[in-house]
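Report on the structure
Okay, here's what each chain looks like letter by letter:
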Amino acid sequence: MGGVIPRTIVALLAISLTLTMAPTVAVAAALPDDRAYELVSNLGEDESVLNGATPWFGAATDSGETVDWQALGACCGASSGGLNSFQSQRTPGGWQTRAFTPVASEALTGLEALQEALLWSTDLRQTIFMTSASLASGDQRPKGSDGDDLYLQGPAGALDWLTQGPVGNGRGAYPSNFEGATPDAHDVVFGSAEQLTANATGLSSRKGAQYLYVRNSEDETTSLIDVNNDNEVIGTDGASIGDAGPPVERPFAFYMPGQYRGSTTHAISENGSKIFFEAPPSGLEAAPENLSPHLFMRDLANDATTPLDNPEATGSAHYQGASADGSLVFFTSDEGLAGTPRVNELYEYDTTAAPIGLAPPMTAVPVASGAGVIGVTAISDDGSHVFFVASPILATNANSAGQAATAGQPNLYVYDTDTGQTQFVTTLSLPDVSNCKPTCASTEPNELVASADVFRPAYTTPGGSVLVFASSNDLTGQDHTPSTALSSEAIDGTHTIAVTSTAGFLQNHTIAIGVGEEEQLATIEKVDGPAQLTLREFEPGIVSSRAVGTPVTGLNSEVYRFSLSDGSLVCLSCTPAGVVETASASLGEVSGGSYASGIGHIAQMSENGSTIFFDSPDPLLSGMPEAETNKIFEPNNLYEWENGNLSVIAYASDKGAVFDGTTPSADDAFFSTRSALTATANAGYEHIYDARVNGGFLEPPPLTQPCGEQPCRSLPGPTPNVLPPASALLGELGEVLTPAPTFSVARITALQRSRLAHSGRLVLTISATAPGEFIVSTYARIRGKAANVAHARGTLHQAGAMTLTLDLSRSARMQIATGRIRVLQIHVDYSTTGAIDVLQLAVSGSRHKKSRE
C-alpha cells in the first residue's frame with residue numbers, strides 16, 4: 001500500500017474488527033466448556049506504571065489459581081523499574097497482583113536491575129533468581145565485573161544465597177550459570193569458575209569452562225558434581241548438566257540459562273539423587289578438535305559417578321533426555337557402543353540394578369538398531385516412549401493415512417522401552433528437522449529435533465500415549481498451502497522469480513523452492529503481480545540455478561495429534577476445504593520436548609491429551625472473519641480442540657492473542673493479548689488472561705456519564721506561546737493554511753544494531769513538528785510466523801524530539817541469540833496524523849531499510 005495510512009482508516013479497521021467480535025459478556029458466554037475470561041495480570045490503578053511493557057508468562061500452579069510472570073517496570077510494590085517478577089492470585093472477587101522481586105540494599109541501574117526469575121517451584125512458593133546485586137552479607141562481587149549469583153527466595157521472602165560454598169569468598173568476578181533444579185527447588189545445579197569446594201581445582205582458562213555444583217538448599221551444602229569416584233575433577237575443562245554446553249556470553253546469561261543451549265529436561269532427577277552431565281561441555285571456545293563431550297551420571301545417594309558412554313573413545317556422546325525418576329536416560333553417540341556401527345545412534349541406558357523392559361541394568365541399548373538417527377523429538381516423563389526421527393526404515397507398519405516409512409526421508413518413529421518395539425508415525429518434511437541453510441542438504445538440526453529441547457514444537461503426555469507436534473509437511477492430505485512453479489529459469493543470486501501464479505502467496509511469508517535436499521527456503525519481500533515474486537534482500541537469493549517447473553510452495557506448519565492407542569494421526573489446524581492457509585499454526589509461546597514443568601515449560605494440552613490448545617490466523621470454523629494478510633503481524637485466533645470438537649477461545653483482533661499454557665486438567669487456558677476482554681482491563685495494554693472453566697467474576701457497574709444524557713464538550717487545547725508569521729499561513733486566495741504535522745525516525749546506527757543484538761534493547765529517536773502520541777510495535781518471524789516481540793508508547797507534548805525504548809521479549813532475545821531471528825520490522829504510529837512509518841532492520845547485518853506504508 002502506497003502513502004501513509006490515515007487515522008480514519010485505522011479507526012475504521014478497529015471498528016470493523018470490533019464488530020466481528022461479540023461484546024465481552026457475550027463472547028465469554030459463548031466460550032466452550034462454560035469458560036469465562038478472567039484478567040490475571042490485574043494491576044488496578046498501577047496499570048500505567050508498566051508503560052505497556054509486555055508481561056512474560058512464567059508458570060502456573062496445577063490448580064490454575066496462582067500465576068507468576070515478569071515485566072519491565074515498577075508496580076505493585078516493586079523496588080525498581082527494571083525487570084520485576086509478579087505473582088497474581090485468584091480470589092473470590094478477582095485476581096490480585098503483587099511484586100516479589102528481591103529488594104537490594106542499594107539502587108540498581110542498567111543490567112543490575114535485570115533480576116530475572118529462572119525457575120519456579122511447582123507450587124510457586126519458591127523462586128530462583130539470577131542477580132548481580134549483593135543480597136547476602138558475604139556476597140561482594142565487584143561492581144561492573146559481570147559477576148552474578150543465584151538466590152532462592154522462599155514463601156516469606158527470605159533469600160538463600162545458592163552460589164556459595166565452604167571455600168569461595170564471594171568476592172571474585174565470577175558469573176554463575178543456572179543449570180537445573182528439582183521441581184521443589186530443594187537441589188539446585190549451577191556452574192561457576194569459582195573454587196567453592198576443596199576438590200574444585202585445575203580448571204582450564206578456556207572461555208566458558210566452569211565447575212558443576214549442586215546446592216542442597218535445606219542442608220545448605222554445596223558439592224562438586226563433575227568428579228570421579230575418588231572425588232577428583234574429571235578433566236580440566238569443566239562440565240555442564242545434560243547437553244547444555246558452556247554458559248551463554250553475557251548479557252544473554254540473564255535471558256538464556258544453560259538449559260536453553262541443549263537437552264536438559266530431567267537432567268537432574270525429580271528427587272535430586274541422579275544428575276546427568278557432559279564433561280567437557282560441547283561448544284567450548286578454543287577447544288582442540290579431539291576434546292569431545294562424554295556423558296556421566298553422578299549418583300548422590302551413593303556418592304558414585306558412572307560413565308554412560310566410553311570416555312576413552314574418539315567419538316562423543318550427547319544427552320537427549322531421561323525419565324523423571326532418572327531410571328532411564330537417553331543419549332546419542334557416534335562411538336559405536338554395544339557393537340553398533342559408528343553412526344549417530346540413539347541409546348537407552350538403564351541406571352538401576354534391575355532390568356527395565358529389554359534394557360539390562362547399567363547397560364546401553366541401541367534404539368535404532370545401529371542404523372542411526374537424525375534426532376530426538378520428545379520423551380515421555382516416565383521414560384516409556386521416545387519419539388525420534390531417522391531416515392532408514394525401522395518399522396513396516398502403515399499409519400492411519402495409509403503411509404509407510406520412506407527410506408532416506410525424515411521418518412518420525414516412537415520406541416516403546418517396555419517392549420523394545422518401534423512404530424512408524426509419519427514422514428516429516430526436511431525443514432521440520434533441518435535449518436535448510438542454504439538448502440535442506442544442511443545437517444544443522446532444527447524444529448522437531450532442535451537444540452535446545454525446549455525449542456521443539458512437540459509435546460507428549462507423561463506416559464507417551466499422545467504426541468502433539470507441528471509439521472510443514474502435508475501429513476493427512478488436508479493441508480491447503482498455496483503452491484505454484486517457476487515459469488522461467490531462476491538464475492543463481494537473483495532475488496526475483498517468475499511463477500505461474502502468485503495466488504495465495506503473501507508478503508513476509510516463507511516459501512520453499514525445490515524439493516528434497518535441494519529445497520531452499522526464502523521470504524517474500526513483495527508480491528509483484530500475478531506472476532512474479534521478489535525475495536527478501538536481507539537473505540540469500542536463489543542459491544543455485546533452478547529450472548522451469550521447479551515447485552514453489554508456501555511453508556506453513558500445521559498442528560497434528562498422534563494417538564498411540566489407535567495409531568490415529570489427525571490435523572487439528574488444517575483449514576476447511578476451499579480455504580487457503582495464510583500462515584502457520586503453532587503451539588504458542590510454550591516450550592516442548594516433554595510434559596515436564598520448569599522454566600518457560602508449561603504444556604499446551606491436558607495431561608491425558610484429550611484437550612489441546614493452538615493458535616492460527618486462519619478461520620477454521622464457519623462464520624469466522626477471514627485472516628488479515630495486509631501486514632507483517634497477522635493476528636491469531638486461539639483454538640481449543642477437545643476430543644475432536646474445535647472451538648474458539650480468543651478471536652483474532654488488531655492486537656492478536658498468544659497462547660501461554662494450560663494446567664494438567666486444561667480447565668485454565670492462559671493467553672496474552674492487548675484486547676480488553678474484561679471490564680477491568682485497559683485497552684491498549686498487554687494482559688495475561690485465563691479462559692477458565694466455570695470462571696468469571698461479577699463485573700463492576702459501568703461508569704456514569706458526568707454530563708448527564710448530553711455528550712461532554714471537549715476542552716479547548718493549549719494556546720501556543722509563539723505563533724508563526726501570518727504571511728506564512730496565507731494561501732493563494734488569502735485563506736489561512738496550517739502546515740500538516742510531520743514526524744521522522746532517526747537512522748538506526750550500526751552501534752545501535754550491535755547493542756540490540758547483545759542486550760535486546762533499542763532506543764529510537766523520534767522528531768515531530770506537532771504534539772502527539774507515538775505507538776511503536778516491533779514484529780519478527782518466529783517459527784515461521786509473525787509475532788509482536790516489543791512495543792513502546794509515549795507522548796510528545798510539544799514540537800521537538802523524544803526517545804522511546806524497545807525491550808525485546810524473552811522469546812525474541814533467545815531467537816536472536818540462536819540466529820533464528822535476523823530481521824525485525826518496526827511500526828511507528830503517529831496519532832496526530834495517523835501516519836505509520838515502517839522500519840525494516842537486519843539484526844545481524846549492516847543494512848537498514850526504511851519504507852512507508
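Attention in this report is confined to the structure presented alongside it. Being a predicted model, the structure only gives us computed values, none of them experimental.

Considering the packing of aromatic side chains
Applying the stated criterion across every chain yields a total of 18 aromatic pairs. For the pair Phe100 and Phe129, a centre-to-centre distance of 6.0 Å together with 70° between the ring planes defines the contact as edge-to-face. With Phe100 in the loop between strand S5 (94-99) and strand S6 (116-120) and Phe129 in strand S7 (residues 127-131), this pair connects stretches of sequence that are 29 residues apart. With respect to burial, Phe100 and Phe129 carry one shared label: buried. An aromatic cluster is present here, built from Tyr37, Phe671 and Tyr689 joined pairwise through their rings.

What about the side chain of Thr351?
Structurally, Thr351 can be placed in the loop between strand S20 (345-350) and strand S21 (363-366). Side chain to side chain, Thr351 and Lys274 meet in a polar contact 2.8 Å long. In this view, Thr351 contacts Lys274, Phe276, Met297, Gly326, Ser327, Leu328, Val329 and Met362; residues no more than four positions away in its chain are not counted.

Some points on the environment of Pro166
Looking at the element boundaries, Pro166 is found in the loop between strand S9 (159-161) and strand S10 (177-181). Pro166 sits 29 residues away from Gln195 along the chain, and the two C-alpha atoms are 9.3 Å apart. Once residues lying within four places of it in the same chain are set aside, the contact partners of Pro166 are Leu196, Thr197 and Thr222.

Points about the state of the cysteines
All chains considered together, the criterion is met by 2 disulfides. Put simply, Cys436 and Cys440 are joined by a disulfide, and their sulfur atoms are 2.0 Å apart. What sets the handedness of the Cys436 and Cys440 disulfide is the S-S torsion sign, and at about 90° it is right-handed. For Cys436, a relative accessible area of 3% corresponds to the buried category.

Digging into empty space enclosed by the protein
Going through the model one piece at a time under the given rule, you end up with 5 cavities of 30 Å³ or more. Volume-wise, the second largest cavity comes out at about 70 Å³. As for the second largest cavity, its lining consists of 13 residues, and the residues nearest its centre are Thr265, Gln320, Ile379, Asp453 and Gly593. Of all elements in the fold, only strand S18 (317-322) and strand S22 (375-379) reach the threshold of two or more residues within the lining of the second largest cavity. Among the elements that line the lining of the second largest cavity, the one with the most residues is S22, at 4 residues. Of the residues in the lining of the second largest cavity, the class split is 4 nonpolar, 7 polar and 2 charged.

A few points about the sheet that holds S20
Spatially, the 4 strands line up as an open sheet ordered S18-S19-S20-S21, and their pairing is antiparallel. Each edge of the sheet is formed by a strand with only one pairing partner; in this case those strands are S18 and S21. Going across the sheet, the axis of each strand differs from the next one's by a mean of 30°, ignoring polarity.

Regarding the side chain of Ser204
In this fold, Ser204 is placed in the loop between strand S11 (187-192) and strand S12 (211-216). For Ser204, the side chain forms a polar contact with the side chain of Asp237, separated by 2.8 Å. Apart from the residues lying within four places of it in its own chain, the contact partners of Ser204 are Ala209, Thr236 and Asp237.

Digging into the sheet that holds strand S40 (residues 668-673)
Strand order in the open sheet formed by 4 strands is S1-S41-S40-S39, and the pairing between neighbours is antiparallel. The open sheet has two edge strands, strand S1 (35-39) and strand S39 (657-662), and neither has a second partner. If you compare each strand with its neighbour and ignore which way they point, the axes differ by 30° on average. Note that S1 and strand S41 (residues 687-693) share 5 bridges and pair antiparallel. Following the sheet pairing, Leu39 is matched in S41 by Tyr689.

Conventions we followed
Residues numbered from 1 in each chain as written. Predicted model: local features only at pLDDT ≥ 70, side-chain atom pairs only at ≥ 80, totals over all residues. Heavy atoms only, no water. Phe/Tyr/Trp six-rings, centres within 6.5 Å; stacked < 30°, edge-to-face > 60°. Helix = DSSP H or I, 4+ residues; strand = E, 2+ residues; numbered from the N terminus. Buried < 20%, exposed > 50% of the residue type's maximum accessible area, 1.4 Å probe, protein only. Polar contact = N/O pair within 3.5 Å; in protein donor to acceptor, adjacent residues only side chain to side chain. Contact = heavy atoms within 4.5 Å. Disulfide = S-S within 2.5 Å. 1 Å grid on protein atoms, 1.4 Å probe; cavity = no way out; pocket = protein on both sides within 12 Å on 5 of 7 lines; lining within 4 Å. Points joined across faces, edges and corners; volume = space filled by probe spheres on them. Nonpolar A, V, L, I, M, F, W, Y, C, P; charged D, E, K, R; others polar. Pairing = 2+ DSSP bridges. Axes fitted to C-alpha atoms, helices over the stretch in contact; angles between N-to-C directions.

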